[in-house]
Amino acid sequence: MAEAHSAVAFSFSITHEGWDVNFDREVLHLVWASGIRSWKKRLARFKNNVRNGVFPAPLQSLWAMMGIVLALRYANNSFIKYTDIILQWLPGTSYIWQIVSCFILSLTFWLILIYIVRYTFKLMLMYKGWMYESRGGHKVSLQTKLWGLGIKLLSSKSKPLLYSYQGSLPKLPLPPVNETMKRYLKSVRPLMNDSEFESMIKLACEFEKGIAVKLQRYLWLKSWWSSNYVSDWWEEYVYLRSRTPLIVNSNFYGTDAIMLHSTPIQAARAAMIIWQCLQYRRLIERQELEPIRVQGLVPLCSWQYERIFNTTRVPGAVSDKIVHYNDSRHIVVYHAGRYFKVIIYSQNRILHPCEIEEQIQSILDNTEKPYTGEEKVAALTAADRTHWANTRTQYFFKGINRQSLDAIEKAAFVVTLDEVPYEYDPENSKKLDEFGRILMTGKGYDRWFDKSFTLCIGSNGRVGFNAEHSWADAAVMSHLWEFIIFDEAEKSGYQENGHTKGSPELEPPKPIRLQWNLDPVLEAIEKSYQVSLALVNDIDLRILAFNDYGKGFMKTAKVSPDAFIQMALQLAYYRDAGKFSLTYEASMTRLYREGRTETVRPCTLESSTWVKSMLDPNVDINKRINLLRQACATHQRGYQDAMCGKGIDRHLFCLYVVSKYLEVESPFLNKVLSEPWRLSTSQTPHGQTTQFDLRKFPNCISAGGGFGPVANDGYGVSYIIAGENLVFFHISSKKSSPHTDSNRFAIRIKEALNDMKSLHDDWNRSTKNMSS
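Residues numbered from 1 in each chain as written. Predicted model: local features only at pLDDT ≥ 70, side-chain atom pairs only at ≥ 80, totals over all residues. Heavy atoms only, no water.

**Details of the overall build of the chain**
Line of reasoning, step 1. Looking only at helices and strands, the chain has 25 helices and 22 strands in total.
Line of reasoning, step 2. In summary, the chain has a C-alpha radius of gyration of 29 Å against a globular reference of 28 Å for 772 residues, a match within 12%.
Line of reasoning, step 3. Principal-axis analysis of the C-alpha atoms places the extent of the chain at approximately 100 × 85 × 60 Å.
Line of reasoning, step 4. Looking at the chain residue by residue over its 772 residues, the buried ones come to 54%.
Line of reasoning, step 5. For the chain, long-range pairs separated by at least 24 residues make up 77% of all intrachain contacts whose partners lie at least 6 apart in sequence.
Line of reasoning, step 6. When the accessible surface of the chain is summed, it comes to about 34,900 Å², and 56% of that surface belongs to carbon and sulfur atoms.
Line of reasoning, step 7. Across the chain, the centroid of the 92 positively charged side chains sits 7 Å from that of the 78 negatively charged ones. (Helix = DSSP H or I, 4+ residues; strand = E, 2+ residues; numbered from the N terminus. Rg over C-alpha atoms; globule rule 2.2 N^0.38 Å. Buried < 20%, exposed > 50% of the residue type's maximum accessible area, 1.4 Å probe, protein only. Contact = heavy atoms within 4.5 Å. Areas by Shrake-Rupley, 256 points an atom, 1.4 Å probe, with all protein chains shown as cover. Lys, Arg positive; Asp, Glu negative; His and termini not counted. Charge placed at Lys NZ, Arg CZ, Asp CG, Glu CD.)

Structure follows, in structure tokens:
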């Protein structure tokens, strides 16, 4: 227990000989250094808050205003009366007090001017017409061109910090009930026969004319009062109150840049990625991370970034909670069933990669055996939430278990050093499937599923991550991952022998083995492990690397690449299941303050009509092409509506929550909220950072990531358009379902994409023949 004793800075005792004080100078020095670092951070936060509060004006503009006021004060006698009014309230009228009055007056004018600019900027960000117009050419209206020019003028005066735009972002608008009902009924029409649709229309009309009026009124009050009328309820009721296991059902994963293999040395790659994560964390803490702006103009909300690091999900009997710590000086590393606390600061700086490599290598070389129950203790975080909450309360609230749990939950993040390689071979697709499966589930007990993310390092130096979903959406983790991949490629921090560059400037702190007393918890751990093991064994994952064509061809088809892929998924699913299904596609609402996601419904009347035309040999090529373009245009419009706060599902979800608070039943809402999403899809975003340049670093292509199926008899499909001629699909389903098969669906997707290309090639040939 040397670790516990070293944590005591001093002891005080009284004996018959008097009083005695013993203290450990080293520990007191650490306390002092920690305090200094904390105050430096507070001062930096204060400075950044001031800069964000006056953005887009630079702080230097205050002194310019001061110069103008002073010049007017001494050059224009009529201006003196304004400063004299302020002098009446000051204790003197000397030259110094005259300067003070000028400063107060200039500060007043400056603040008034700033808030006029800020609210003008906010009003301009409410305009969403640009979303529905082409990016270039004559299709862009004069109104949008003037708006774009105004945005540039107002936001280009000062370099923005990460949170500079937060105060200027508009609130998510609350759509009228009648508009949401129209969109909903149109979206479900292809999924119902005539009698079912008539019944749904009747339910919708009863709801709209009845209880919806009252529910909307309460929701309007919430939208007016809160920063975002959806996000807090979405986080609480969809994520934190869910009692189902996190593994497969909630957590998602991301893979390495598979075309690169920077180093085969596990300790070196782990050290470099850990160091890059810490550099990214420092950028967030200092707010130096560049905020994302759509088309380089329109800012996205950045509030989710704060919780990437030092964050954990704490289980509760009824509802979990997200706990974020302001700072953390350590990470926790899991290897061969053992947990180690690794200090990543020394002498008031982050350790260099070569120093972190020494720490990681010492863990790999450590031959100690796990304590009883230690190897599988993380299974508690994978399984049922109530069981974990009760176990945590009973066995982890005191003693060494509490100390070790604190070390994990307060860590910046968790690192798992796997004992198996992560492999990619273009000639053997099963290796990439296994790569994804390892990252998604591991063994069911070797990722701390509660942490914001677990960094996973294969024995051959390839990496990935497993992320908890409640604290943020996948786009935020994608931003971090993109930064890491391109920063690593740009800096090339490895020697020719595969080790990190540089020599240690100090002896890094030795990893501290976490202590456990898990004998009373073995039964609870085993119960959770059996639950997670069943989910691990049931998951069916297939990663399809489609390289017949990519974004380049889709653009020549004059449709959105995302819409093109979504139509392919509709065709593939219909061929697989013999019917259409309610389809979920995630879009973001981060154009608004504290926005998260909204649902796009790709299964539309237009898409279903096109799919049926592809299966009807009597439909000619021209009609199929026209139907495809109509379907893609409808999908694109739905995506734009979702981004602009005109979605369907979040509005209905919030109305449902209000109805539960008021204890009133709605047959319509009950039916809507119980409909299963048998096809759940999401595009992995990339190209979010300015450093993203595949021309300069052509091998920095990530295979993206994935998630589990939402419905037991459904598919989870994540895709990333990785280049002009490459698309990755992550297709998950459950082996226990007789209706789904991930490999079969991958074949269907490939067939659909090739049929769509053949359709366009045939149409192009026929068009050329007609013109000639």
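**Some points on the nonpolar core**
Line of reasoning, step 1. Core analysis: the biggest nonpolar cluster contains 114 residues, and Tyr-305, Ile-308, Phe-413, Phe-453 and Phe-668 have the highest contact counts within it.
Line of reasoning, step 2. If you tally residues by element for this core, the top one is helix H11 (residues 266-285), at twelve residues.
Line of reasoning, step 3. Among the nonpolar cores identified, the runner-up in size contains 42 residues, and Leu-544, Phe-553, Ala-631 and Val-727 belong to it. (Core = buried A, V, L, I, M, F, W, Y, C linked by side-chain atoms within 4.5 Å.)

**Observations concerning the sheet that holds strand S3 (residues 252-255)**
Line of reasoning, step 1. Overall, mixed pairing links the eight strands, which are arranged S15-S9-S8-S12-S13-S14-S3-S20 in an open sheet. Each edge of the sheet is formed by a strand with only one pairing partner; in this case those strands are strand S15 (512-513) and strand S20 (705-706).
Line of reasoning, step 2. With four bridges joining them, strand S8 (residues 330-335) and strand S12 (residues 414-417) adopt parallel strand pairing. Residue pairing across strands places Val-332 opposite Val-414, the latter belonging to S12. (Pairing = 2+ DSSP bridges.)

**Quick look at the packing of helix H21 (residues 605-614) against helix H22 (residues 621-643)**
Line of reasoning, step 1. One way to put it is that H21 packs onto H22 with a least axis distance of 8 Å and a crossing angle of 155 degrees. With respect to H22, the element H21 is oriented roughly antiparallel. Considering only the axes of H21 and H22, their crossing is left-handed. Residue-level inspection shows Glu-606, Ser-607, Thr-609, Trp-610, Ser-613 and Met-614 of H21 in contact with H22, the latter providing Arg-624, Leu-627, Leu-628, Gln-630, Ala-631 and Thr-634. (Axes fitted to C-alpha atoms, helices over the stretch in contact; angles between N-to-C directions. Parallel < 35°, antiparallel > 145°, perpendicular 65-115°, else oblique. Left-handed = near helix turned anticlockwise from the far one by under 90°.)

**Overview of the pairing of S8**
Line of reasoning, step 1. With six of its six residues buried, S8 lies for the most part within the structure.
Line of reasoning, step 2. Residues of S8 alternate between two faces, with His-330, Val-332 and Tyr-334 on one and Ile-331, Val-333 and His-335 on the opposite face, all of them buried.
Line of reasoning, step 3. In this structure, S8 lies alongside strand S9 (residues 338-343), joined through six bridges in antiparallel fashion. Paired with Val-333 across the bridge in S9 is Phe-340.

**Thoughts on the pattern of salt bridges**
Line of reasoning, step 1. Applying the stated criterion across every chain, the model contains 38 salt bridges.
Line of reasoning, step 2. In this structure, Glu-368 and Arg-513 form a salt bridge, with 2.6 Å as the shortest nitrogen-oxygen distance. Taken together, the residues span a long stretch of sequence, with Glu-368 in the loop between helix H12 (353-365) and helix H13 (379-382) and Arg-513 in strand S15 at a distance of 145 residues.
Line of reasoning, step 3. Judged by its relative accessible area of 8%, Arg-513 falls in the buried class. (Salt bridge = Lys/Arg side-chain N within 4 Å of Asp/Glu carboxyl O.)

**Thoughts on a nonpolar patch on the surface**
Line of reasoning, step 1. On the surface, a nonpolar cluster with roughly 690 Å² of combined accessible area is contributed by Tyr-218, Trp-220, Leu-221, Trp-224 and Trp-225.
Line of reasoning, step 2. Positionally, Trp-220 belongs in helix H9 (residues 211-225).
Line of reasoning, step 3. Taking relative accessible area as the criterion, Trp-220 reaches 49% and is therefore assigned partly exposed. (Patch = residues over 30% accessible without salt bridge, like charges linked within 9 Å, V, L, I, M, F, W, Y side chains within 5 Å.)

**Side note on the pairing of strand S17 (residues 583-588)**
Side-chain positions along a regular strand alternate between the two faces of the sheet.
Line of reasoning, step 1. When S17 meets strand S19 (residues 679-683), the two strands line up parallel, connected through three bridges. Of the residues in S19, the one forming a bridge with Glu-585 is Thr-681.
Line of reasoning, step 2. In this structure, S17 lies alongside strand S18 (residues 597-600), joined through four bridges in antiparallel fashion. Note on S18: the bridge partner recorded for Ala-586 is Thr-599.

**Some details on the sheet that holds S19**
Line of reasoning, step 1. Strand order in this open sheet of six strands is S16-S22-S21-S19-S17-S18, and the pairing throughout is mixed. Sheet topology places strand S16 (539-546) and S18 at the edges, where each strand pairs with a single neighbour. Across the sheet, the mean angle from the axis of one strand to that of its neighbour is 20 degrees, orientation sign disregarded.
Line of reasoning, step 2. Against the sheet, helix H20 (residues 561-577) contacts S17, S19, strand S21 (715-723) and strand S22 (726-734), and its axis sits at roughly 145 degrees relative to S21.

**Some points on the packing of aromatic side chains**
Note on aromatic pairs: each is described by the distance of the centres and the angle between the planes.
Line of reasoning, step 1. Counted according to the given criterion, the structure contains 34 aromatic pairs.
Line of reasoning, step 2. Seen in terms of ring centroids, Phe-546 and Tyr-549 are 5.2 Å apart; in terms of plane orientation they differ by 90 degrees. Their pairing is edge-to-face. This pair shows no difference in class: Phe-546 is buried, exactly as Tyr-549 is.
Line of reasoning, step 3. Members of the aromatic cluster, each reached through a chain of ring pairs, are Tyr-334, Tyr-339, Trp-388, Phe-396, Trp-448 and Trp-516.
Line of reasoning, step 4. Lying over the aromatic face of Tyr-529, Lys-376 brings its terminal NZ or CZ to 4.2 Å of the ring centre. (Phe/Tyr/Trp six-rings, centres within 6.5 Å; stacked < 30°, edge-to-face > 60°. Lys NZ or Arg CZ within 6 Å of the ring centre and 35° of its normal.)

**A few points about helix H5 (residues 95-125)**
Line of reasoning, step 1. Its 31 residues place the ends of H5 45 Å apart at the C-alpha level, agreeing with the 45 Å of an ideal helix rising 1.5 Å per residue.
Line of reasoning, step 2. Of the positions making up H5, those classed as buried are Gln-98, Ser-101, Cys-102, Leu-105, Ser-106, Trp-110, Ile-114, Arg-118, Phe-121, Lys-122, Met-124 and Leu-125. (Expected span 1.5 Å × (residues − 1).)

**What to know about H12**
Side chains of residues three or four places apart in an α-helix project in the same direction, reflecting 3.6 residues per turn.
Line of reasoning, step 1. Taking 1.5 Å of rise per residue, 13 residues should cover 18 Å, and H12 covers 18 Å from first to last C-alpha, within 8% of that figure.
Line of reasoning, step 2. Residues of H12 that are buried include every one of Pro-353, Cys-354, Glu-355, Ile-356, Glu-357, Gln-359, Ile-360 and Ile-363, and no others.
Line of reasoning, step 3. Considering only its buried residues, H12 is in contact with H11, S8, S9, strand S11 (349-350) and S12.

**Describing the environment of Gly-638**
Line of reasoning, step 1. Here Gly-638 lies in helix H22.
Line of reasoning, step 2. In this structure the C-alpha to C-alpha distance between Gly-638 and Thr-599, which are 39 residues apart in sequence, comes to 9.3 Å.

**Points about the packing of H20 against H22**
Line of reasoning, step 1. The N-to-C vectors of H20 and H22 enclose an angle of 115 degrees; their axes lie 9 Å apart at closest approach. Judged by the sense of rotation from one axis to the other, the crossing of H20 with H22 is right-handed. Residues Asp-562, Ala-563, Phe-564, Gln-566 and Met-567 of H20 pack against Leu-628, Ala-631, Cys-632, His-635 and Tyr-639 of H22.
Line of reasoning, step 2. Considering only residue class, the contact of H20 with H22 consists of seven nonpolar, two polar and one charged. (Nonpolar A, V, L, I, M, F, W, Y, C, P; charged D, E, K, R; others polar.)

**As for unusual backbone geometry**
Line of reasoning, step 1. Positioned with a positive phi, Gln-287 is a non-glycine residue whose angle comes to about 60 degrees.
Line of reasoning, step 2. On the secondary structure map, Gln-287 appears in the loop between H11 and strand S4 (293-294).

**Topic: the environment of Met-66**
Line of reasoning, step 1. Inspection of the secondary structure puts Met-66 in helix H3 (residues 60-75).
Line of reasoning, step 2. Judged by its relative accessible area of 11%, Met-66 falls in the buried class.
Line of reasoning, step 3. Linking Met-66 and His-479, residues 413 residues apart in sequence, is a C-alpha distance of 41 Å.
Line of reasoning, step 4. Aside from chain neighbours lying at most four places away, what touches Met-66 is Ile-99, Cys-102, Phe-103 and Ser-106.

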